[in-house]
Amino acid sequence: MKRRTFLKGTVTSGMLGVAASAGLLTPRMVLAAWPETAFAAKNIDDAVDALLGSTALSASGDIKIKAPEIAENGAVVPITISTGMAAESISVLIAKNPSPLACSFALGGSTLGFVSTRVKMGETSDLVAVVKSGGKLYSAKKTVKVTIGGCGG
Amino acid sequence: MAKKKIRIRAKMKGDIAEIKTLMSHPMETGFRKNKKTGKKIPPHFIKEVICEHKGNKVLVASWGVAVSKNPYLSFKFKGAAKGDTITISWNDNKGESATADAKIS
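Residues numbered from 1 in each chain as written. Chains lettered and ligands numbered in written order. Predicted model: local features only at pLDDT ≥ 70, side-chain atom pairs only at ≥ 80, totals over all residues. Heavy atoms only, no water.

Caption draft 1: Structural view of the interface of chain B and chain A. With 35 residues of chain B at the contact, the number on the chain A side is 35 residues. Counting the surface lost from both chain B and chain A, the interface buries some 3,000 Å², and carbon and sulfur atoms represent 60% of this. Counting every contact that joins chain B to chain A gives zero salt bridges. Across the contact surface, chain B and chain A share 19 residue pairs in polar contact (both at pLDDT 80 or more). Counting residues per element, the ones that place at least two in the side of chain B that touches chain A are β2 (16-23), β3 (46-53), β4 (56-63) and β5 (72-78) of chain B. Bridging between strand β6 (residues 101-107) of chain A and β4 of chain B involves five bridges; their strand directions are antiparallel. Directly across from S104 of chain A, in β4 of chain B, lies its bridge partner S62 of chain B. (Contact = heavy atoms within 4.5 Å. Buried area = accessible area lost by both parts, 1.4 Å probe. Salt bridge = Lys/Arg side-chain N within 4 Å of Asp/Glu carboxyl O. Polar contact = N/O pair within 3.5 Å; in protein donor to acceptor, adjacent residues only side chain to side chain. Helix = DSSP H or I, 4+ residues; strand = E, 2+ residues; numbered from the N terminus. Pairing = 2+ DSSP bridges.)

Caption draft 2: Local environment of the confidence of the model for chain A. In the predicted model, chain A carries a mean pLDDT of 82, and the fraction of residues at 70 or more is 76%. In this model, residues 14-32 of chain A is a region of pLDDT below 50 whose contacts with residues beyond four sequence positions or in other chains number eight contacts. (pLDDT = per-residue confidence, 0-100.)

Caption draft 3: Structural view of the pattern of salt bridges. All names here are of chain A. Following the criterion strictly, the structure yields seven salt bridges over all chains and no others. Here K142 and E69 are joined by a salt bridge, their closest N and O atoms 3.9 Å apart. Of this pair, K142 sits in strand β9 (residues 136-146) while E69 sits in the loop between β2 (63-66) and β3 (70-71), placing them 73 residues apart in sequence. Since its relative accessible area comes to 21%, K142 is described here as partly exposed. In this structure, the salt-bridge partner of K141 is D126, at a minimum N-O distance of 3.9 Å. (Buried < 20%, exposed > 50% of the residue type's maximum accessible area, 1.4 Å probe, protein only.)

Caption draft 4: Broad picture of the sheet that holds strand β1 (residues 6-13) of chain B. Within the open sheet, the six strands sit side by side as β2(A)-β4(A)-β7(A)-β5(B)-β2(B)-β1(B). Their pairing is antiparallel. The two strands at the open ends of the sheet, each matched to only one other strand, are β2 of chain A together with β1 of chain B. Taking the axes of each pair of neighbouring strands and ignoring which way they run, one obtains an average angle of 15° across the sheet. (Axes fitted to C-alpha atoms, helices over the stretch in contact; angles between N-to-C directions.)

Caption draft 5: Spotlight on the side chain of E28 of chain B. With respect to the helices and strands, E28 of chain B occurs in the loop between β2 and β3. Here R32 of chain B takes part through its side chain, which lies 2.6 Å from a polar atom of the side chain of E28 of chain B.

Caption draft 6: Molecular detail of the pairing of strand β8 (residues 125-133) of chain A. Residues and elements named next belong to chain A. For β8, a buried count of seven out of nine residues is recorded, marking the element as mostly surrounded by other parts of the structure. Of the strand pairs in this sheet, strand β5 (residues 89-94) and β8 are connected by six bridges, and their pairing is antiparallel. Bridge pairing in β8 links S91 to V130. Here β8 runs beside β9; their pairing, made up of nine bridges, is antiparallel. Counted as the bridge partner of V128 is K141 from β9. Here β8 folds back onto β9, and the loop between the two strands holds two residues, one of which, G134, carries a positive phi near 55°.

Caption draft 7: Quick peek at a positive patch on the surface. Residues and elements named next belong to chain B. A surface patch of like charges, here positive, comprises K5, R7, R9 and K11. Position of K5 among the secondary structure elements: in the segment before β1. We classify K5 as partly exposed; its relative accessible area is 47%. (Patch = residues over 30% accessible without salt bridge, like charges linked within 9 Å, V, L, I, M, F, W, Y side chains within 5 Å. Areas by Shrake-Rupley, 256 points an atom, 1.4 Å probe, with all protein chains shown as cover. Lys, Arg positive; Asp, Glu negative; His and termini not counted. Charge placed at Lys NZ, Arg CZ, Asp CG, Glu CD.)

Caption draft 8: How the structure looks around the layout of surface pockets. There is about 260 Å³ of room inside the second largest pocket. Looking at the second largest pocket, it is lined by 18 residues, and the ones nearest its centre are F39 and S99 of chain A together with F31, G64 and V65 of chain B. Tallying contributions element by element places helix α3 (residues 36-40) of chain A first for the lining of the second largest pocket, with three residues. For the lining of the second largest pocket, a count of residues per class yields eleven nonpolar, four polar and three charged. (1 Å grid on protein atoms, 1.4 Å probe; cavity = no way out; pocket = protein on both sides within 12 Å on 5 of 7 lines; lining within 4 Å. Points joined across faces, edges and corners; volume = space filled by probe spheres on them. Nonpolar A, V, L, I, M, F, W, Y, C, P; charged D, E, K, R; others polar.)

Caption draft 9: Structural context of unusual backbone geometry. All names here are of chain B. One non-glycine residue with positive phi stands out, namely M27, at about 45°. Turning to its location among the elements, M27 is positioned in the loop between β2 and β3. Its identity as a non-glycine residue notwithstanding, K54 has a phi of 50°, on the positive side. Within the element layout of this structure, K54 appears in the loop between β3 and β4. For K54, a relative accessible area of 62% corresponds to the exposed category.

Listed below in structure tokens is the structure:
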């Protein structure tokens, strides 16, 4: 038992060492690129403003949100956002999460307007997808009912 | 500590490359409490995922804590061919990182 604890200890400290050196080697730019204020924002408007520099969203029928009507488990809600527009970025916000901005994707020139991932939702809420195309912001909404929250313990 | 793994499946469908990837990561929000000690579990989550094809960044994802544990990510892009390599890497809020690549089939 003692031997096991000892081994675990050495492995962990070894990993920490690696992590620390990786941290030192990571260029500042990468850290700065992560939109900290946008992720810290407490409502959708602030988050979109911090992330994309504007809150002028126009509703678009060309954005499709594929998500369950009722999510049994809020910890894993599969979502797919697709659009026919030439999208520069796709962002996903969840209105009632502690910080609404869930994820944002910057797309390359040859990348299609399509992303699929899984997110956590604390409670029943609107899911908002924001697509940036040609310097303008477009959005679409969908309500997802959550029966078990994903943020509790 | 969980192993740092990225699983990638990359397939050509016509002239579009479809990439599906799974990363092993706890994606801890910082809101959860350890039930035994009552202490908050510190946040530990992937901040950025970079997907590269021939040196071009085809997708850069910025993530918050709301992305589920062991994240899944799928996207599509044009201009790839069978046998091309796609590289996916992530870094998290603790400065850890991982990289993996796969050939498009």
